[in-house]
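# Summary of the model geometry
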Amino acid sequence: AVGASLAAVLLLAILTSGSLLLWQARRSEAEAAQKTSFVANVSHEFKTPLTTIRLYSELLEQGRVADAEKQGEYLRTIGRETQRLARLVNNALDFSRLEQGKKQFQRERCDLGAELGRLMDVHAPRVAESGMTLRGSLPEKPVMVTTDRDAVEQIVLNLVDNACKYASDGRELSVALVGRADGGAEVRVSDRGPGVPVSERERIFEKFHRVDQTLTAEKGGTGLGLSIARQLARGLGGELRCEARPGGGAVFVLTLP
Ligand code: ADP
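Just so it is clear, the structure is predicted and the values come from calculations on it, not from any experiment.

Conventions used here
- Residues numbered from 1 in each chain as written.
- Predicted model: local features only at pLDDT ≥ 70, side-chain atom pairs only at ≥ 80, totals over all residues.
- Heavy atoms only, no water.
- pLDDT = per-residue confidence, 0-100.
- Helix = DSSP H or I, 4+ residues; strand = E, 2+ residues; numbered from the N terminus.
- Near = heavy atom within 4 Å.
- Polar contact = N/O pair within 3.5 Å; in protein donor to acceptor, adjacent residues only side chain to side chain.
- Areas by Shrake-Rupley, 256 points an atom, 1.4 Å probe, with all protein chains shown as cover.
- Buried < 20%, exposed > 50% of the residue type's maximum accessible area, 1.4 Å probe, protein only.
- Pairing = 2+ DSSP bridges.

### Remarks on the confidence of the model for the chain
- Residues with a pLDDT of 70 or more make up 97% of the chain, whose mean pLDDT is 90.
- Put simply, helix H6 (residues 213-219) is where the chain has its lowest mean pLDDT, 68, and strand S7 (residues 250-256) is where it has its highest, 98.

Here you go:
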């Protein structure tokens, strides 16, 4: 099963690199330097989880992990890193589709509260590993919206991934949902990290823009997550913005019609 999921992820990675190369070919020379570092960053982002998966699956295959608890831990890590690769591939695919104006949304009526609840159950253990507690504030009553569930998930996961990277000192990460009187909904992802300086609150949504190159270089990333998330939000007829959190931290507000 590990081999099959690895092969599937690799195939997706190759397909994605193919479409990224196509996208690259159409860009002007002015972006050459930016592109070079982008390709290096994307490759690096893929390499880290792939290395972990390869190492752990080899150890397990060679029977070098005797302890059952350790075996379970390695398998969980492989699963988590495979999910991370899938998110990277989804981001890269969304990016090239959005760039080409070919992104299509599959809208359906759904309960956003239930969707977010599921998403938080799946991702809480991963958030806990970065030292934070994921808290949900979801209304009891269903919040029905007509939207593309995969796109909403991709947006929220990009925000959660960022909080894990930039705000993990802050201990707490909360995802709150409120239904609006006009039938729309608002999702707020709030952390207690360093926050985003007011001069950067719009610029972080530009592609490739990162607040602190030296700091973010250590943490990996492509500078694309928020640009993709905002384009997806707008594609759904909504908006994504960043605010300061009273008492410190950042709040990302996603509004959906
Ligand atoms: P990446 O994480 O790959 O750099 P993003 O587009 O996701 O790209 O984010 C752009 C920049 O916004 C990040 O490099 C970081 O400087 C800043 N940022 C994003 N989320 C947060 C956050 N929760 N707290 C503080 N800064 C953030």
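Here the narrative resumes, following the displayed structure.
### Observations regarding the site of the ligand
- The local shell around the ligand holds 18 residues, among which Tyr-166, Asp-191, Arg-210, Thr-222 and Gly-223 are the closest.
- With respect to the ligand, the backbone of Gly-223 contributes an N or O atom lying 2.7 Å from an oxygen atom.
- In isolation the ligand offers 530 Å² of accessible surface; the protein chains occlude 96% of this area.
- Among the secondary structure elements, those contributing two or more residues to the shell around the ligand are helix H5 (149-166) and helix H7 (225-235).

### Remarks on the pairing of S7
- Burial within S7 is extensive, with 7 of its 7 residues counted as buried.
- Burial along S7 is two-sided: Ala-250, Phe-252, Leu-254 and Leu-256 and Val-251, Val-253 and Thr-255, pointing in opposite directions, are all buried.
- In the sheet, strand S5 (residues 185-191) pairs with S7 via 6 bridges, with the strands oriented antiparallel. Bridging from a neighbouring strand, Arg-188 pairs with Val-253 of S7.
- Bridge analysis of strand S6 (residues 239-244) against S7 gives 6 bridges, and the strand direction is antiparallel. For Glu-243, the partnering residue across the bridge sits in S7 and is Val-251.
- Where S6 hands over to S7, the hairpin turn is made up of 5 residues, of which Gly-247 adopts a positive phi near 90 degrees.

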